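For reference, the chains in residue letters:
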Amino acid sequence: HTRSLAWTLENFEVRNVLHNGQVVADDPGSPPQEAMVAWARAKAEVGELEAVAAEIPTPAGRSDAIVDPVGSCAAAPTDPKLSLLWGRVEDVDGTYGQNPNDHSLVLRVDYGQSSVLFTGDLQMMGLSRMSAHFAQNPEVFDVDIYQVGHHGSHNATKPYFVELMSPELAVVSMGEYARDLDWTARRYGHPHHKAVDALLDPAHGVQGLREGIIAAMVGIRGGWEDRPSEFEPRRFAQAVYATGWDGDVVIRAHANGWIEVETEHAPPPLPAEFAED
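Residues numbered from 1 in each chain as written. Predicted model: local features only at pLDDT ≥ 70, side-chain atom pairs only at ≥ 80, totals over all residues. Heavy atoms only, no water.

A. The pattern of salt bridges, seen in detail. The final tally for this structure, using the stated rule, is ten salt bridges. A salt bridge links R108 to D110; its shortest N-O distance comes to 2.7 Å. Judged on exposure class, the residue R108 and its partner D110 are both buried. Residue R221 pairs with E230 through a salt bridge whose shortest N-O separation is 2.8 Å. (Salt bridge = Lys/Arg side-chain N within 4 Å of Asp/Glu carboxyl O. Buried < 20%, exposed > 50% of the residue type's maximum accessible area, 1.4 Å probe, protein only.)

As structure tokens, then:
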């Protein structure tokens, strides 16, 4: 998840760097993060923040010049608000663990009446602790767009948290099904049917609808060693998009709350067994 950091620093004007300060031995994700932090600290004009969960204020998270250096301009008079909601957890009593996923940074972005939540790879323990941290203001998670956690893994999208968000739209970054290699979403059976079930729950799931109903494959078991991952078709009427079946997904969230979605691929024909009654 950090392999593109060097490319990003070379190709974009990076003003600030946020990171969780976690270095994990033998984890291939740590060296690029360490290099990014060293790059930031060598430049006086670049801000740097090591995000520690316990230091993030309630009820609305941290939003300051480091977290949110972006302002309005003549072409876009609405000032987007960026808020940091989670980071590294200091596991002083040994009850949290060092799974790097549960130390992910979580960001909320508000642009006028539109809002988005990015939970990174945060999993069950992280979701639970973060929810408890903001127990007095659960509305901080109420957003329009959910960038689905950990590529749609079963332990990163839980029903209670989807209910807190009540999103109009969700999008999964998972790659193409054909990429059946190590360290791909397909290899691990993402998006998993348990995460998809939470997103498609008629009462508490995604509230918006796609333009047309589609059928797409979801994981029922991830691969392990020589065992291949397994998938089954699922019917999607709600506004759940994924790069695996939609290709590139472009979401334009306007300040008045209007959301536009553009996909690279047209939806495949709906199989007969999934046709509407």
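B. A look at the nonpolar core. With 49 residues, the main nonpolar core has M130, F141 and F236 as its most contacted residues. For F236, the residues in contact, after removing those within four places along its chain, are V196, L200, R210, G212, I213, I214, A216, V218 and W245. Within the second largest apolar cluster, six residues are counted, among which are L9, V17, V37 and V46. (Core = buried A, V, L, I, M, F, W, Y, C linked by side-chain atoms within 4.5 Å. Contact = heavy atoms within 4.5 Å.)

C. Geometry of the packing of aromatic side chains. Taken as a whole and assessed by the stated rule, the structure comprises five aromatic pairs. Here the aromatic residues F134, F141, Y160 and F161 are joined through ring pairs into a cluster of three or more. (Phe/Tyr/Trp six-rings, centres within 6.5 Å; stacked < 30°, edge-to-face > 60°.)

D. Local environment of the side chain of R88. Within the element layout of this structure, R88 appears in the loop between strand 3 (81-86) and strand 4 (106-111). Take R88: its relative accessible area is 12%, and that puts it in the buried class. Of the polar contacts made by the side chain of R88, one reaches the side chain of E90; its length is 2.5 Å. Look past the residues within four positions of R88 in its chain and what remains in contact with it is N20, G21, Q22, E50, A51, V52, A53 and H103. (Helix = DSSP H or I, 4+ residues; strand = E, 2+ residues; numbered from the N terminus. Polar contact = N/O pair within 3.5 Å; in protein donor to acceptor, adjacent residues only side chain to side chain.)

E. Expanded view of the pairing of strand 11 (residues 249-253). In this structure, strand 11 lies alongside strand 12 (residues 259-263), joined through five bridges in antiparallel fashion. Bridge pairing in strand 12 places V250 opposite E262. Connecting the antiparallel pair strand 11 and strand 12 is a turn made up of five residues, with G257 showing a positive phi of about 95°. (Pairing = 2+ DSSP bridges.)

F. Fine view of the environment of R221. Following the sequence through the fold, R221 ends up in strand 8 (residues 209-221). For R221, a relative accessible area of 33% puts it in the partly exposed group. When the C-alpha positions of R221 and G189 are compared, they lie 5.7 Å apart, and in sequence the two are 32 residues distant. Beyond its immediate sequence surroundings of up to four residues, R221 is in contact with G189, R227, P228, S229 and E230. There is a polar contact of 2.8 Å between the side chain of R221 and the side chain of E230.

G. Highlighting the environment of G149. Take G149: it is sitting in the loop between strand 6 (145-147) and helix 4 (159-165). Measuring from C-alpha to C-alpha, the distance between G149 and A195 comes to 9.4 Å, with 46 residues separating the pair along the chain. When neighbours within four sequence positions are excluded, G149 is seen to be in contact with T119, G120, A156 and T157.

H. Layout of the sheet that holds strand 3. Taken in spatial order, the six strands of this open sheet run 3-4-5-6-7-10, and their pairing is mixed. Both outer strands of the open sheet, strand 3 and strand 10 (240-242), are each paired with one neighbouring strand and no more. The sheet shows a mean angle of 20° between the axes of neighbouring strands, taken without regard to direction. Where helix 3 (residues 124-133) meets the sheet, it contacts strand 3 and strand 4, and its direction lies at approximately 115° from that of strand 3. (Axes fitted to C-alpha atoms, helices over the stretch in contact; angles between N-to-C directions.)

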